[in-house]
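Below, each chain spelled out in residue letters.
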Amino acid sequence: MADGAFGLSEELARETAPVWEKVKGLVTPLEWPEQAKLISEINALKKERDAVILAHNYMTPEIFHGVGDYVGDSLGLAKEAAKSKAKVIVQAGVHFMAETSKILSPEKTVLIPDLRAGCSLASSITGADVRLIKQRYPGLPVVTYVNTTADVKAETDICCTSANAVQVVEWAAKEWGVDKVILIPDEFLARNVAAQTSVGIIAWKGRCEVHERFTAADIAEMRVAYPGAEILAHPECPEEVLAASDFAGSTAAMIDYVTDRKPKQVVMITECSMASNVKGDVPGVDFIGPCNLCPHMKRITLENIRDCLKYMQFEVTVEPEMAERGRLAVQRMIDLPPPAIPARYDLIKARHHVDVELI
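These numbers come from a predicted model, not from an experiment. Residue numbers here run from 1 along each chain, matching the order of that chain's written sequence. Thresholds applied to this predicted model are a pLDDT of at least 70 for local features of residues and 80 or more for the giving and counting of side-chain atom pairs; totals over whole chains, interfaces and linings are not thresholded and use all residues. Side-chain figures throughout are based on the complete set of non-hydrogen atoms in the structure, without hydrogens or water.

## Structural notes on unusual backbone geometry
Of note, the amide linkage connecting Ile 184 to Pro 185 takes the cis form, showing an omega dihedral of 0°. In this structure, Asp 50 takes a positive phi of about 55° despite not being glycine. Helix and strand assignments follow DSSP, with helices taken as H or I runs no shorter than four residues and strands as E runs no shorter than two, numbered in order from the N terminus. If you trace the backbone, Asp 50 turns up in the loop between helix 2 (32–49) and strand 1 (51–56). A positive phi angle is found at Met 312, which is not glycine, with a value near 50°. As for its position among the elements, Met 312 is in the loop between helix 14 (302–311) and helix 15 (320–335). Relative accessibility under 20% of the residue-type maximum defines a buried residue, over 50% an exposed one, and the middle range a partly exposed one, all with a 1.4 Å probe and only protein chains included. Under the relative-accessibility criterion, Met 312 is labelled partly exposed at 32%.

Spelled out as structure tokens, the structure:
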């Protein structure tokens, strides 16, 4: 880009050119000049503050590709932050993710650009709820999705992600010597896990407001409109959605599927920005809707990332005793050998119509 392109100086155009190549199909030339300036300012502030930015898959492309030092799912980001020597962590995601980063990196300053960035799933259950569940089902292990608050993790035996939920459930059942496991709080993840294992599942009626809105009718409409498209679904979706899709898997498994297979057309049944971000890395694939936006993730912007670094504002803390107990649950999961491949919710061998006890 020559001097004057998009109204940028030659130096700024050169600095941000690699990002523009990733986002040019997703960001308009009208938006880009201001975004380029913010990206440059943020990257300079990171060096000044000795900071790293953790950018979740659901961040918008200019954040994900422009300023993210580590990108991926919530647990992967927290693990990378723990390895980093940086003093400051900026969580470009939602509040429970910042808490997880603090749990794994208690000595670091953890900031979130907007304290209102919450999560419908994380807010569906509290630590007090988990204590009551344990009273009702004494002796059963509690497996908790990592998409939960620190007080819930503190009451948990072991955490899981969508990529290893089946593995963790089966490990917990064997370790505790039981045939049933409590898997909370995502009802649909629990039901979809139950279809992949012989371990009995006790579930909680928590849901992600992004994924619960998808229906089998959405899939049917997409098949008519785009008969050649391959449809991928996340296991936080209802079972009927997974059954109607071509592939179901964790965030990492969905990305691997697209990266490895490079289908001509693909529908990712998940949060909108994930498809946009994968598109930046796999430009030959045509990504088709539908998708749903997460209003909480969209509270994070380049502007408030810049401001949180500039003013060192909105620190996230976790009470030390709570953090120590939560760290045990997260560390138990981390210490398990990772799955050979990220979890794929096999739609062919799934044991359909498996009963799940819903609390």
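Further notes follow.
## Some points on helix 9 (residues 187–194)
Burial within helix 9 is extensive, with seven of its eight residues counted as buried. Residues of helix 9 that are buried: Glu 187, Phe 188, Leu 189, Ala 190, Asn 192, Val 193 and Ala 194. Contacts are residue-level and defined by heavy atoms, with any inter-residue pair within 4.5 Å sufficient. In this structure, the buried side of helix 9 is in contact with strand 5 (142–145), helix 8 (165–176), strand 7 (180–184), strand 8 (200–203), helix 11 (239–244) and strand 13 (357–358). Throughout this description, a polar contact denotes any pair of N or O atoms lying within 3.5 Å of each other; where both atoms belong to protein, one of them has to be capable of donating a hydrogen while the other can accept it, and for residues adjacent in sequence the pair is counted only when both atoms sit in side chains. A distance of 2.9 Å separates the backbone nitrogen of Phe 188 from a side-chain oxygen at the start of helix 9, and that oxygen is part of Asp 186.

## Let's talk about the UniProt feature "binding site: [4Fe-4S] cluster" (unreviewed entry) in the protein chain
According to UniProt, the "binding site: [4Fe-4S] cluster" (unreviewed entry) feature falls on Cys 119, Cys 208 and Cys 294. Separation in sequence by 176 residues is not matched in space for these annotated residues, since their most distant C-alpha atoms are only 9.2 Å apart. Residue placement: Cys 119 occurs in the loop between strand 4 (109–111) and helix 6 (127–136). Every residue in contact with Cys 119, bar those within four places of it in the chain, is listed here: Val 94, Phe 96 and His 296. Relative to the elements of secondary structure, Cys 208 occurs in the loop between strand 8 and helix 10 (216–225). Among the residues examined, Cys 208 registers a relative accessible area of 13% and is labelled buried. With residues up to four places along the chain from it excluded, the contact list for Cys 208 reads Ser 120, Leu 121, Asp 186 and Glu 236. UniProt positions are given in the numbering used here, feature names are shortened, and annotations may be inferred rather than shown by experiment.

## Topic: the sheet that holds strand 10 (residues 247–248)
Note on pairing: DSSP must find at least two bridges between two strands before they are called paired. Strand order in this open sheet of four strands is 10-9-11-12, and the pairing throughout is parallel. At either end of the open sheet lies a strand with only one pairing partner, and these are strand 10 and strand 12 (286–288). Relative to strand 10, strand 9 (residues 230–233) is paired through two bridges, and the arrangement is parallel. If you follow Ala 233 over to strand 10, its bridge partner there is Ala 248.

## Quick word on the packing of aromatic side chains
Two aromatic rings from Phe, Tyr or Trp, using only the six-membered ring of Trp, form a pair when their centres are within 6.5 Å; if the ring planes differ by under 30 degrees the pair is stacked, by over 60 it is edge-to-face, and anything between is tilted. For the structure on display, the rule yields three aromatic pairs. Residues Phe 247 and Tyr 257 carry aromatic rings whose centres are separated by 4.6 Å and whose planes lie at 35° to one another, so their mutual orientation is tilted. Taken together, the residues span a long stretch of sequence, with Phe 247 in strand 10 and Tyr 257 in helix 12 (residues 251–261) at a distance of 10 residues. Here Phe 247 and Tyr 257 have matching classes, each one buried.

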